[in-house]
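Listed here are the chains, written in short residue letters.
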Amino acid sequence: ATVIDDPGPENPGLDAAGLNIRRGGVEGRDLRETLANAGMTPEQVRDVISAHPQLETQYALVNEVQPRINYLRFLDDNDRLDGESVSSCIARQPQSLERDFHLVHEDADYAVVNKPWCVRLDTPRGWPGKVRFTPKYPGDLSVEDWLERRYPDWDTVRFCHQLDNATSGVLVAASNKRAAGAAAKLFRERRARKTYLAIVFGHPEKDEWTVDVPMGRDPDDPKGFRERVDPEHGKACETRIRVLKRGKLSLRGKFEGVPVSKVEVTPVTGRRHQIRLHLQFSGHPIVGDNAYSEDTDSFRTFLHAHKLTLPFDEPRGTMQWVAPEPESFAAAME
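Criteria and cut-off values
- Residues numbered from 1 in each chain as written.
- Predicted model: local features only at pLDDT ≥ 70, side-chain atom pairs only at ≥ 80, totals over all residues.
- Heavy atoms only, no water.
- Helix = DSSP H or I, 4+ residues; strand = E, 2+ residues; numbered from the N terminus.
- Rg over C-alpha atoms; globule rule 2.2 N^0.38 Å.
- Buried < 20%, exposed > 50% of the residue type's maximum accessible area, 1.4 Å probe, protein only.
- Contact = heavy atoms within 4.5 Å.
- Areas by Shrake-Rupley, 256 points an atom, 1.4 Å probe, with all protein chains shown as cover.
- Lys, Arg positive; Asp, Glu negative; His and termini not counted.
- Charge placed at Lys NZ, Arg CZ, Asp CG, Glu CD.
- pLDDT = per-residue confidence, 0-100.
- Polar contact = N/O pair within 3.5 Å; in protein donor to acceptor, adjacent residues only side chain to side chain.
- Disulfide = S-S within 2.5 Å.
- Salt bridge = Lys/Arg side-chain N within 4 Å of Asp/Glu carboxyl O.
- Core = buried A, V, L, I, M, F, W, Y, C linked by side-chain atoms within 4.5 Å.

> Even after reading the chapter, I still don't get the overall build of the protein chain, so can you show me in this structure?
What the protein chain contains, in helices and strands, is 9 helices and 12 strands. Against the globule reference of 20 Å for 334 residues, the protein chain gives a C-alpha radius of gyration of 20 Å, in line with a compact fold. Scored against the burial criterion, the 334 residues of the protein chain give a buried share of 56%. Within the protein chain, counting contacts between residues at least 6 apart in sequence, those at least 24 apart form 68% of the total. Taken as a whole, the protein chain presents about 15400 Å² of accessible surface, with 47% of it coming from carbon and sulfur. When the 47 basic and 52 acidic side-chain charges of the protein chain are each reduced to a single mean position, those positions are 4 Å apart.

> For this particular structure, what's the right way to read the confidence of the model for the protein chain?
Low pLDDT marks stretches whose predicted atomic positions should not be read closely. Per-residue confidence for the protein chain gives a mean pLDDT of 89; residues scoring 70 or more make up 90%. This stretch, residues 1-17, has a pLDDT under 50; its non-local contacts, to residues over four places away or in other chains, come to 55 contacts.

> What am I meant to see in the environment of His-203 here?
Here His-203 is to be found in the loop between strand E5 (193-201) and strand E6 (208-211). Residue class for His-203 comes out partly exposed when judged on its relative accessible area of 37%. Residues His-203 and Glu-56, 147 residues apart in the sequence, show an inter-C-alpha distance of 34 Å. Sequence-distant contacts of His-203, that is, excluding residues within four places in its chain, are made with Arg-246, Gly-247, Pro-259, Val-260, Ser-261 and His-284. Looking at His-203, its side chain comes within polar contact range of the main-chain oxygen of Gly-247, at 2.8 Å.

> I'm lost on the side chain of Ser-293 in this one. Help?
Along the chain, the position of Ser-293 falls in the loop between helix H8 (274-281) and strand E11 (303-311). Overall, the relative accessible area of 9% leaves Ser-293 in the buried class. Among the polar contacts made by the side chain of Ser-293, one reaches the main-chain carbonyl oxygen of Asp-289 at a distance of 2.7 Å. A polar side-chain atom of Ser-293 sits 3.1 Å from the main-chain amide nitrogen of Asp-295.

> When you look at the state of the cysteines in this model, what are you seeing that I'm missing?
In protein structure, a disulfide is the covalent linkage between the sulfur atoms of two cysteines. Counting across every chain of the model gives 0 disulfides. The thiol of Cys-89 is not disulfide-bonded; the next cysteine sulfur, from Cys-118, is found 13 Å away.

> Which parts of the structure should I look at to understand the pattern of salt bridges?
Pairing between side chains of opposite charge can happen when their charged atoms approach one another. Within the structure shown, the criterion is met by 23 salt bridges. Salt-bridge contacts for Asp-140 lead to Arg-120; the nearest nitrogen and oxygen are separated by 2.9 Å. With Asp-140 in the loop between strand E2 (110-115) and helix H6 (143-150) and Arg-120 in the loop between E2 and H6, this pair connects stretches of sequence that are 20 residues apart. Assigned by exposure class, Asp-140 and Arg-120 land together as buried. When the shortest N-O distance is used, the salt bridge between Asp-289 and Arg-276 registers 2.8 Å.

> Before we go on, may I ask you to explain the nonpolar core in this structure?
Leu-35, Leu-97, Leu-147, Leu-279 and Phe-302 are the most contacted members of the largest nonpolar core, which has 69 residues in total. In this structure, Leu-97 is in contact with Leu-35, Leu-55, Tyr-59, Glu-64, Val-65, Arg-68, Ile-69, Leu-72 and Ile-90, ignoring residues within four places of it in sequence. With 18 residues, the next largest nonpolar core counts Ala-180, Ala-183, Ala-192 and Phe-312 among its residues.

If you want it as structure tokens, here you go:
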């Protein structure tokens, strides 16, 4: 749950100067003690582990659960939980504690990361010359931080493309300038083929459709975060959408039980927020997308970069990387 239209949870760096950390990090020798220290009652701890046993069997305590609790406390300290307590958020939607960094592929030139949701990439665009992002709460970690720890011999982390902070999934980084240039060239020439998964509100009438309305920055957004459909002055873009499954939202909260659909999305172009805006324009905004839907209740934006294909020149040839559908997707609909 976040404040509507507030970019902070998706990109804390946009207004970092106005955000505060008022509490230290949550601690605990095990999951149950950690949840109790986060303010949950013994009954809440019992019920949430019973409903979501993966918290105890799959989630890493120090690198996943505790940092996510600290993230929720950070949001609460800055009045971004819509008045709900941290313990209530965890009890309703325990998948909010998911934060699993892992590699999809690695070789001498590239590391392909399955990026967690609500994790920023790196330093601001325009670096050097801008102040580097600093941790906003105990355990806060960017993809750049994670890669630097894993590859201490890299002179710098070079991301070959962008991925919204709110979006999880395939992200490619290069260990050297030559490799970064080769991959970035494929994105510039629109030869990279990307496939996303999303959970959207409603049951689309069609099983497949294409959106090609131009888009540009929204002048009515004072923070400059949102885009809008702009047929007259916007940039051309195209998105192809295919329905994979229709069902109901199973997340506890305001929208529990409403019709939702899982869709496969293929962006032909790569504009900022293109998928999010085109799905909203279609009448089916993404669940949890507080910039382009009315949902400030769901714990994440349900958009995942599922597959990426890059047709490199020989001898490397075409490479395809897949980030499996997150468990949080399966838990979100029935």
